[in-house]
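These are the residues of each chain, in order.
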Amino acid sequence: MKTIETNGRRYSWMTDPVVIVCVDGCEYDYLERAASSGATPFIASLLKPGHAFKADAVVPTFTNPNNLSIVTGVPPAVHGICGNYFYDRETDAEVMMNDPKYLRAPTALAAFADAGAKVAVVTAKDKLRKLLGHKLKGICFSSEKAAEATLAENGIEKVVEMVGMPVPSVYSAELSEFVFAAGVKLMETRRPDLMYLSTTDYVQHKCAPGSEGANAFYAMMDKYLARLDAMGAVVALTADHGMNAKTKADGSPDVIYLQDLLDGWIGAGRARVILPITDPYVVHHGALGSFATIYLEERERELVRTRLAGMAGIELALHNADACKRFELPPERMGDLVVISTRHVVLGTSGSRHDLSGLDAPLRSHGGISEQVVPILVNRAASVAEGRRLRNFDVLDIALNAIASRSTQAAGERARVG
Ligand SMILES: [Zn+2]
């Protein structure tokens with residue numbers, strides 16, 4: 001049997017097309033609530049033993065670290081992407097981490113393409129495209145920039161015509177629908193061996209599990225997933241992180257502004273607070289998440305850490321080494337302290353630096369340990385060893401190594417019927 005090895009993991013070659021779906025911000029509850037409302041018959045059919053699993057995402061529970069873990073099969077300590085944004089100690093600058101130069105491991109997508117598989121990647125926002133498509137010989141484009149796709153840059157052209165849907169706003173549910181519609185068209189017309197679809201969490205930031213908006217989103221997704229299933233693909237779904245309400249009883253955001261706090265404790269500007277959730281698209285969360293990292297002088301670290309750890313709303317305050325060991329992060333890209341807030345609390349820098357005027361719904365966000373549990377759903381029965389701690393970045397292992405092949409499953413069905 002042909003296998004392929006990358007980043008120390010071995011994968012069986014696919015016998016049917018494999019579609020890995022990363023549903024951004026998909027708290028497990030979204031699936032269960034949508035299924036019980038009757039909105040998602042296909043997803044409902046998978047919420048059973050052997051098809052539905054709970055897995056741990058990477059902390060910080062942000063989009064880029066987790067998407068990169070899923071496509072490389074390893075944690076950020078290995079692939080290097082530990083946030084959307086970081087403070088580069090070498091250049092003394094705060095920079096986005098979406099440039100492939102920060103990626104230290106090859107993706108399994110590129111490895112399969114190099115070995116001869118037809119590979120396609122579709123992402124909602126363009127910020128992920130270059131990382132996911134790094135050194136990939138295949139198709140890779142975003143919904144956001146679908147109209148600009150060229151053969152030379154994206155391995156495909158005339159995407160908008162192919163999908164038959166106008167390019168949606170970057171703040172919309174349709175940006176994710178475009179990903180699924182493109183995935184189905186690609187499967188119909190080119191039948192890739194391996195496809196990675198990654199959505200955006202615009203809806204999850206606004207709508208709680210079971211709400212009308214959430215159920216409508218999952219109903220949309222359900223139809224496309226069912227079509228991929230009907231075309232004979234192995235469909236395996238996971239998420240980059242969960243999502244929780246981050247509000248006080250009155251509905252206003254429950255924020256601890258760390259920079260303001262530290263300026264008061266040790267003097268203005270003596271500590272630098274970095275929020276790795278920061279990216280160019282912050283309207284729906286105001287750059288507020290449950291994870292922060294702090295740069296400050298050594299002699300002040302333990303005092304600050306102890307004070308933070310004792311505060312209401314703080315789940316964890318750790319020194320760099322302890323945090324990087326526990327969460328498998330690259331120490332040189334994290335601050336001297338790592339701070340994680342509790343389920344319904346977020347961390348900010350200074351109050352004056354967060355524009356919350358774009359928040360038209362009570363704040364929902366992520367980043368902490370409280371958003372670590374995510375689903376893995378697969379449309380073929382998978383056998384997973386009892387007691388194994390599943391990670392979301394095991395999804396490719398499950399889709400390729402843990403499922404019974406279709407012929408074996410069909411034989412099993414016949415045996416049961418007989
Ligand atoms: Zn996300």
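Conventions used here
Residues numbered from 1 in each chain as written. Predicted model: local features only at pLDDT ≥ 70, side-chain atom pairs only at ≥ 80, totals over all residues. Heavy atoms only, no water. Phe/Tyr/Trp six-rings, centres within 6.5 Å; stacked < 30°, edge-to-face > 60°. Helix = DSSP H or I, 4+ residues; strand = E, 2+ residues; numbered from the N terminus. Buried < 20%, exposed > 50% of the residue type's maximum accessible area, 1.4 Å probe, protein only. Core = buried A, V, L, I, M, F, W, Y, C linked by side-chain atoms within 4.5 Å. Contact = heavy atoms within 4.5 Å. Arc of directions from axis to C-beta. Donors = N, O, S within 2.8 Å, 3.2 Å for Na, K, Ca; no water. Tetrahedral: all angles 85-135°; square planar, octahedral: opposite > 155°, others 65-115°. Pairing = 2+ DSSP bridges. Axes fitted to C-alpha atoms, helices over the stretch in contact; angles between N-to-C directions. pLDDT = per-residue confidence, 0-100. Salt bridge = Lys/Arg side-chain N within 4 Å of Asp/Glu carboxyl O.

## A look at the packing of aromatic side chains
Inspection of the entire model under this criterion finds 8 aromatic pairs. Seen from their ring centres, Y11 and F112 are 6.3 Å apart, and the 50° between their planes marks the pair as tilted. Of this pair, Y11 sits in strand 2 (residues 9–12) while F112 sits in helix 5 (residues 108–114), and the two are 101 residues apart along the sequence. The residues Y11 and F112 share a single accessibility class, namely buried.

## Regarding the nonpolar core
With 132 residues, the main nonpolar core has I20, F112, F141, Y218, M221, L225 and I294 as its most contacted residues. Tallying contributions element by element places helix 9 (residues 174–189) first for this core, with 9 residues. M221 has contacts with V23, I43, F180 and L237, leaving out every residue within four places of it along the chain. Residues V255, L288, V346 and L363 belong to the second largest nonpolar core, which totals 5 residues.

## Considering helix 1 (residues 28–36)
For helix 1, the full list of buried residues reads Y28, Y30, L31, A34 and A35. Buried residues along helix 1 cover an arc of 165° about the axis, so they all sit on one side. Taken from the residues just after helix 1, G38 is the one with a positive phi, measuring 90°.

## Here's the deal with helix 15 (residues 395–402)
Summarising burial for helix 15: 7 of the 8 residues are buried, a large majority. Of all the residues in helix 15, the buried ones are V395, L396, D397, I398, A399, L400 and A402.

## Thoughts on the coordination of the zinc ion
Ideal geometry at a metal centre gives angles of 109.5 degrees when four donors are arranged tetrahedrally and 90 or 180 degrees when six donors are arranged octahedrally. At the metal site, the zinc ion is ligated by D24 (OD), T63 (OG1), D240 (OD) and H241 (NE2), and these contacts range over 1.9 to 2.2 Å. Geometry at the zinc ion is irregular, judged from its 4 donor atoms and the angles of 93 to 137° they form at the metal. One chain supplies every donor for the zinc ion, spaced along it as D-x38-T-x176-D-H. With respect to class, D240 is no different from H241; both count as buried.

## A few points about the sheet that holds strand 9 (residues 194–198)
Strand order in this open sheet of 7 strands is 4-19-10-3-9-7-8, and the pairing throughout is mixed. The open sheet is flanked by strand 4 (52–56) and strand 8 (139–142), the only strands paired with a single partner. The sheet shows a mean angle of 15° between the axes of neighbouring strands, direction not considered. Here strand 7 (residues 119–123) runs beside strand 9; their pairing, made up of 5 bridges, is parallel. For A120, the partnering residue across the bridge sits in strand 9 and is M195. Along the sheet face, helix 3 (residues 63–72) touches strand 3 (18–22), strand 9 and strand 10 (234–238) and points at about 170° away from the line of strand 9. Contacting strand 3, strand 9 and strand 10, helix 11 (residues 212–230) runs over the sheet at an angle of about 150° to strand 10.

## A closer look at the sheet that holds strand 16 (residues 337–341)
As summarised here, the arrangement of the 4 strands in space is 13-14-16-15, forming an open sheet in which the pairing is antiparallel. Each edge of the open sheet is held by one strand with a lone partner, namely strand 13 (272–274) and strand 15 (314–319). Averaged over neighbouring strand pairs, the angle between their axes works out to 20° when direction is ignored. Here 5 bridges tie strand 15 to strand 16, and the two strands are oriented antiparallel to one another. Bridging from a neighbouring strand, L316 pairs with I340 of strand 16.

## What to know about the pairing of strand 3
The buried fraction of strand 3 amounts to 5 of the 5 residues, a majority that puts the element mostly inside the structure. Side chains V18, I20 and C22 project from strand 3 onto one buried face, and the interleaved V19 and V21 project onto a second face that is buried too. Bridging between strand 3 and strand 9 involves 5 bridges; their strand directions are parallel. Looking at strand 9, one finds that I20 is bridged to Y196. In this structure, strand 3 lies alongside strand 10, joined through 5 bridges in parallel fashion. When the sheet's bridge partners are listed, V19 is paired in strand 10 with V235.

## Brief notes about the confidence of the model for the protein chain
Summing up the model confidence of the protein chain, the mean pLDDT is 94 and the portion of residues at 70 or higher is 95%. Below pLDDT 50 for its whole length, residues 413–418 participates in 0 contacts with residues either more than four positions away or in separate chains.

## Structural notes on the pattern of salt bridges
In this structure the tally under the stated criterion is 23 salt bridges. Here E297 and R270 are joined by a salt bridge, their closest N and O atoms 4.0 Å apart. Highlighted residues: E297 in the loop between strand 14 (291–295) and helix 13 (298–309) and R270 in the loop between helix 12 (258–266) and strand 13, separated in sequence by 27 residues. Overall, the relative accessible area of 41% leaves E297 in the partly exposed class. Look at R270 and you get partly exposed, because its relative accessible area is 34%.

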